[in-house]
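Now for the letters of each chain:
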Amino acid sequence: MGLLYRLSKPEQAIAWEGDMPITSRYTMGIAGERFFRAILDDEALWGTCCPECDVVYVPPRLYCERCFAQLDEWVEVPNTGYVYTYTIVHVDMDGNTLEDPRIMAYVRLEGTDGGLVHFLGEVDPEDVGIGMLVEAVFKDKAERKGSINDIAYFRPI
Amino acid sequence: MSRDRVAVVGAGMTKFVRRAQETGKELAWEAASKALESCEMTLDDIDAVIIGSAPEAFDGVHMKSEYLSDGCGGWGKPVIRGYVGGGTGVFSPIQGWYHIASGLFDTVLVICEEKMSSCQPHPQGAFLTIFDNFTERPLQPNLLWIFALEMNAYMTRYGLDKRDIATVSVKNKRNAADHPAALLGDANITVDDVLNSEVLAWPVQRLDVSPVTDGAVALVMCAEHVARRVTNKPVWVEGVGWNLDTAYWSSRDLSYPVYVEEAARMAYKMAGITEPRKQIHIAEPYDPFDYKELHHLEGLMLFDKGEAPRAAADGVTQRDGDLPVCPSGGLLGVGNPIAAAGMMKVAELFWQLRGEAGARQVPGTPKRGLAQAWGDLMQVGTVIILGA
Ligand SMILES: [Zn+2]
């Protein structure tokens, strides 16, 4: 029966077009606020450490998801790591071809059990490889806003 | 049908606030850790996790329970989210009950969270899609329309005095003055304050309504053999019920919540309750609006139809009255982080039945309490009965 009512053009049926008129304002939370303030003010990356589980969380968490302890031990972590995996992005969200493909990598940060997903820069796609050592490049202070985009990209070292 | 008996053994909650800096995960974690602490259990002791949270649009996170799961202690465990809109706060412990009563799990952590302050300019916008896309949405309805039309239908059908209804708001905000987690406790509020507050959509006025709130609540539930080991004051789940009316609110009897009656009948039957007015000692019905507390008390068959407002005005539902109603302060007083607000009521019964409600403790030794929530497209009733 469904096939009988198939629309070959959307305009064939009367429709009401509605949206959900809201936007969201996300706070970064107790741990997130501190993480992004350190990036904003000091070009520094911090994590939280659970001594019980021997885990360093980056991005930092207020609590250990393994044992549920509150995490009060903050450690500054290096802004260097290695490419755990990566992809080369050729189309944007709408499917349009990008003039310059972008390299997106999951970077495991040194000395931590976490990492960040970010762009790679100052490197050609054909030269990227898993295991490559990289470092974070921060934007100039004037341009930083307390966001993950305060890191411009990671680049090979 | 033989089922394992199920107890609530621990409870915890965050403060209810207008605007939390914490993420939803962090709120959930705070409530969950407090609940575990309250019964000296750890995450290792928990077999499964249940997450209750109302519309995704409030937190602005799709797949909200997956997002919240680490703050709820869900890492590496069986996790499920229950969702019946505003009814979720009472439905989540019902899910906790059947996870255990089925024999599948011995211990369950139940967390309800809501962070409504994320939603800009107002959560009203997220509610638009609960209206019919064709017959209602083009009119640009406001959520308050439903309540105003329902309140007017209720008042007119039974010839109710708005002054009597306003006593509910006063009672709950005064009760909440004794709740350490409350957003809107006010020991000095009067009926005239309510009646003189801004008219939003007649007959609904500003102080008839509970506010947008952030918060989280958690419970620890166990099978009997675990409960006996963990505490000498287990609070038993004696009955559960839930029921849904038609999705077309314009086809409902707005003056009487028949779906609440059906949910209550299911719960009373399971609990062996034949005379609820004698056998229920505390009630925590859902009170996002003052008239809803009364509407629900009638649906729960704790008062005759149209009789609850007079009884409220006569003091029957005060904390020291014959039937204490919302001794917590309810949504009108403690606040209304949707799912968390509903489960706050179940936590309140837990504390009251254990004699741990502090300044809010109802006199005597209450043995049995009922909590109820309401939601979905304003047509679900969820009911739980707890007994000491
Ligand atoms: Zn840990």
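Residues numbered from 1 in each chain as written. Chains lettered and ligands numbered in written order. Predicted model: local features only at pLDDT ≥ 70, side-chain atom pairs only at ≥ 80, totals over all residues. Heavy atoms only, no water.

The next subject is the coordination of the zinc ion. All names here are of chain A. Bound to the zinc ion are the protein donor atoms Cys50 (SG), Cys53 (SG), Cys64 (SG) and Cys67 (SG), situated 2.3 to 2.4 Å from the metal. What the four donor atoms of the zinc ion show is an angle range of 106 to 114° at the metal, which sorts the shape as tetrahedral. Mapped onto the sequence, the residues coordinating the zinc ion show the spacing C-x2-C-x10-C-x2-C. (Donors = N, O, S within 2.8 Å, 3.2 Å for Na, K, Ca; no water. Tetrahedral: all angles 85-135°; square planar, octahedral: opposite > 155°, others 65-115°.)

Turning our attention to the interface of chain A and chain B. Counting residues at the interface gives 23 residues for chain A and 34 residues for chain B. Summed over both partners, the interface of chain A with chain B comes to about 2400 Å²; 62% of that surface belongs to carbon and sulfur atoms. The largest per-residue losses of area from chain A upon contact with chain B belong to A:Trp16, A:Tyr63 and A:Phe68, which jointly make up 30% of the total buried on that side. If you look at where chain A meets chain B, you find zero salt bridges. The tally of links between chain A and chain B comes to 12 residue pairs in polar contact (both at pLDDT 80 or more). Residue assignment for the side of chain A that touches chain B shows that the elements contributing at least two residues are strand E1 (23-24) and helix H1 (29-42) of chain A. The element that contributes the greatest number of residues to the side of chain A that touches chain B is H1(A), accounting for four residues. (Contact = heavy atoms within 4.5 Å. Buried area = accessible area lost by both parts, 1.4 Å probe. Salt bridge = Lys/Arg side-chain N within 4 Å of Asp/Glu carboxyl O. Polar contact = N/O pair within 3.5 Å; in protein donor to acceptor, adjacent residues only side chain to side chain. Helix = DSSP H or I, 4+ residues; strand = E, 2+ residues; numbered from the N terminus.)

Next up on the list: empty space enclosed by the protein. Residues and elements named next belong to chain B. In the structure shown here, the tally under the stated rule is one cavity of 30 Å³ or more. By volume, the largest cavity is sized at about 40 Å³. Around the largest cavity, the lining residues are Glu150, Arg252, Asp253, Leu254, Tyr256, Pro257, Tyr259, His295 and Met378. Here the residues of the lining of the largest cavity sort into five nonpolar, one polar and three charged. (1 Å grid on protein atoms, 1.4 Å probe; cavity = no way out; pocket = protein on both sides within 12 Å on 5 of 7 lines; lining within 4 Å. Points joined across faces, edges and corners; volume = space filled by probe spheres on them. Nonpolar A, V, L, I, M, F, W, Y, C, P; charged D, E, K, R; others polar.)

What follows concerns the sheet that holds strand E4 (residues 73-77) of chain A. Residues and elements named next belong to chain A. Overall, antiparallel pairing links the three strands, which are arranged E3-E2-E4 in an open sheet. Edge positions in the open sheet fall to strand E3 (55-57) and E4, since each of these has one partner strand only. On average, each strand axis in the sheet is inclined to that of its neighbour by 40°, with strand direction left out of account. Relative to E4, strand E2 (residues 45-50) runs antiparallel, the two sharing five bridges. Note that in E4 the partner of Thr48 across the bridge is Trp74. (Pairing = 2+ DSSP bridges. Axes fitted to C-alpha atoms, helices over the stretch in contact; angles between N-to-C directions.)

Right, let's talk about the confidence of the model for chain B for a bit. Of the residues in chain B, 99% have a pLDDT of 70 or more, and the chain-wide mean is 95. The complex prediction reports pTM at 0.96, with the ipTM value standing at 0.93. (pLDDT = per-residue confidence, 0-100.)

Attention now moves to the nonpolar core. Nonpolar side chains in soluble globular proteins generally cluster together in the buried interior. All names here are of chain B. Ranked by size, the top nonpolar core spans 108 residues in total, and within it Phe147, Val237, Tyr268, Leu302, Ile384, Ile385 and Leu386 carry the most contacts. Beyond its immediate chain neighbours, meaning those up to four positions away, Ile384 contacts Val90, Pro93, Ile94, Val237, Gly239, Val240, Val346, Gly369, Leu370 and Ala371. Counting residues in hydrophobic clusters, the runner-up holds 32 residues, among them Ala31, Cys39, Cys72 and Ala227. (Core = buried A, V, L, I, M, F, W, Y, C linked by side-chain atoms within 4.5 Å. Buried < 20%, exposed > 50% of the residue type's maximum accessible area, 1.4 Å probe, protein only.)

For the coordinates displayed, the defined rule picks out 15 aromatic pairs over all chains. Measuring from centroid to centroid gives 4.8 Å for A:Tyr84 and A:Tyr106, while their planes differ by 50°, and the two rings are tilted. One end of the pair, A:Tyr84, is in strand E5 (residues 80-91); the other, A:Tyr106, is in strand E6 (residues 97-109), and 22 residues separate them in sequence. Residue class for A:Tyr84 comes out partly exposed when judged on its relative accessible area of 41%. Ring plane angle 35° and centroid distance 6.2 Å describe the contact between B:Tyr98 and B:Trp242, whose orientation is recorded as tilted. Taken together, the residues span a long stretch of sequence, with B:Tyr98 in helix H4 (residues 88-101) and B:Trp242 in strand E9 (residues 235-244) at a distance of 144 residues. Using a relative accessible area of 30% as the deciding quantity, one classes B:Tyr98 as partly exposed. In this structure B:Trp242 comes out as partly exposed when scored by relative accessible area, which is 32%. (Phe/Tyr/Trp six-rings, centres within 6.5 Å; stacked < 30°, edge-to-face > 60°.)

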